[in-house]
Amino acid sequence: MTAPHPRLRLYDANCMIGPTPWGLPGDLDADALERRMDRFGIERSLVCHTAAWRHDPATGNALVVSALAGRPRLRPCWVGVPSTCAEMPPAKEFAEQALRAGVGAIRVFPGDHGFALDGPDFAPQADALAEAGLPLLVDIDSTSWAAVDRLLFAHPDLVVVVCATGYRAMRPAAGLLDRHVNARLDLSDLSTHEGFEWVCATFGAHRVVFGTGAPLRDPAEAVTRLLWSDLDDEAIAQVAAGNLDALLPEEPR
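My aim in this report is to walk through the structure given alongside it, one point at a time.

**Side note on the pairing of strand β3 (residues 74-79)**
And step 1. The buried count for β3 comes to six of six residues, which makes it a mostly enclosed element.
And step 2. Burial of β3 is two-sided: the residues Leu 74, Pro 76 and Trp 78 facing one way and the residues Arg 75, Cys 77 and Val 79 facing the other way are all buried.
And step 3. Pairing between strand β2 (residues 44-49) and β3: three bridges, direction parallel. Note on β3: the bridge partner recorded for Val 47 is Pro 76.
And step 4. One ladder, built from three bridges, connects β3 with strand β4 (residues 105-108); its direction is parallel. Along β4, the bridge assignment pairs Val 79 with Arg 107.
And step 5. Handedness of the β-α-β unit built from β3, helix α4 (residues 91-100) and β4 comes out right-handed.

Written as structure tokens, this is what we have:
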């Protein structure tokens, strides 16, 4: 695939490094990620580690910070869970640690990690992330639209980016966007026919962030969805990088 125009910045909100249980071919480390970014013209990426998802969040979060050290194009994304089992520090301390480590956002996998996104165990984390200005990313197949809805009603200052929405999700996605100004969608699987354009026309281009879902998804999908859309150049640039830039906390100097 030909890389996008060199003046278009792409900032990937949704990618990972690390091994997977599905035996994906090739290296899945930071070097491989940067080579893939070069291939698709992606300037920066927000990156979490598969070990934080498939093994242990604390271990995976430490691994991603170590792996991305000295790589200014790559910003860590940590995985969060409730602190009820003491595997994570209390919510406010966790958020403060994330900011000190230069983390840009927190990702959660409620279905895999055995907690309710909208339940009382995660509520302190939601409050702490909102206060710290850390967006929350969640794949919709790891929770439910109703749970995201309840989470946002309970924590209206929290920005939630729903990832991997799929093909037949426009009705619940539209309802969520209509009710909550801090709800966002990522582009990795926003695959309803002309749904991306419809969301931008109805709710504004600021409600979508560029994300590839790599390496589980081919980045060409999101890049093509963006560049072949009917959006004007200003809106394309906004989705490509501007929206994510606006959501992330400042990086420590």
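**Considering unusual backbone geometry**
And step 1. For the bond from Ala 214 to Pro 215, the omega torsion is 5°, close enough to zero to count as cis.
And step 2. On the secondary structure map, Pro 215 appears in the loop between β8 (208-209) and α10 (219-227).
And step 3. For Ala 164, which is not glycine, the phi torsion reads 55° and is therefore positive.
And step 4. Along the chain, the position of Ala 164 falls in the loop between β6 (160-163) and α8 (170-179).

**Section: the packing of helix α7 (residues 145-154) against α8**
The angle between the axes and the distance between the axes are what describe a pair of packed helices.
And step 1. In the contact formed by α7 and α8, the axes pass within 10 Å of each other and the chain directions differ by 5°. As summarised for this structure, α7 and α8 are arranged roughly parallel, according to the angle between their axes. Of α8, the residues touching α7 (which contributes Trp 145, Val 148, Asp 149, Leu 152 and Phe 153) are Pro 172, Ala 173, Leu 176 and Arg 179.
And step 2. Residues belonging to the contact of α7 with α8 are distributed by class as follows: seven nonpolar, no polar and two charged.

**Here's the deal with the packing of aromatic side chains**
And step 1. The full count for this structure, using the stated rule, is four aromatic pairs.
And step 2. A ring pair is formed by Phe 115 and Phe 122, whose centres lie 5.4 Å apart and whose planes are at 25°; its orientation type is stacked. Exposure class is identical for Phe 115 and Phe 122. Each is buried.
And step 3. For the ring pair Trp 198 and Phe 203, a centre distance of 5.8 Å and an interplane angle of 80° mean the geometry is edge-to-face.
And step 4. Take Trp 198: its relative accessible area is 40%, and that puts it in the partly exposed class.
And step 5. A relative accessible area of 17% means that Phe 203 is categorised as buried.
And step 6. Taking the ring centre of Trp 53 as reference, the NZ or CZ of Arg 54 above it sits at 5.0 Å.

**Regarding the pairing of β4**
And step 1. With burial as the criterion, each face of β4 is covered, one bearing Ala 105 and Arg 107 and the other bearing Ile 106 and Val 108.
And step 2. Both β4 and strand β5 (residues 136-139) contribute to a ladder of three bridges, which runs parallel. The partner of Arg 107 across the bridge, within β5, is Leu 137.

**Some points on the environment of Gly 211**
And step 1. Its location among the elements puts Gly 211 in the loop between β8 and α10.
And step 2. Linking Gly 211 and Glu 221, residues ten residues apart in sequence, is a C-alpha distance of 9.9 Å.
And step 3. When residues no more than four places from it in sequence are discounted, the contact partners of Gly 211 are Asp 12, Ala 13, Asn 14, Asp 186, Leu 187, Ser 188 and Ala 222.

Criteria and cut-off values
- Residues numbered from 1 in each chain as written.
- Predicted model: local features only at pLDDT ≥ 70, side-chain atom pairs only at ≥ 80, totals over all residues.
- Heavy atoms only, no water.
- Buried < 20%, exposed > 50% of the residue type's maximum accessible area, 1.4 Å probe, protein only.
- Helix = DSSP H or I, 4+ residues; strand = E, 2+ residues; numbered from the N terminus.
- Pairing = 2+ DSSP bridges.
- Right-handed = clockwise from strand over helix to strand, strands pointing away.
- Axes fitted to C-alpha atoms, helices over the stretch in contact; angles between N-to-C directions.
- Parallel < 35°, antiparallel > 145°, perpendicular 65-115°, else oblique.
- Contact = heavy atoms within 4.5 Å.
- Nonpolar A, V, L, I, M, F, W, Y, C, P; charged D, E, K, R; others polar.
- Phe/Tyr/Trp six-rings, centres within 6.5 Å; stacked < 30°, edge-to-face > 60°.
- Lys NZ or Arg CZ within 6 Å of the ring centre and 35° of its normal.

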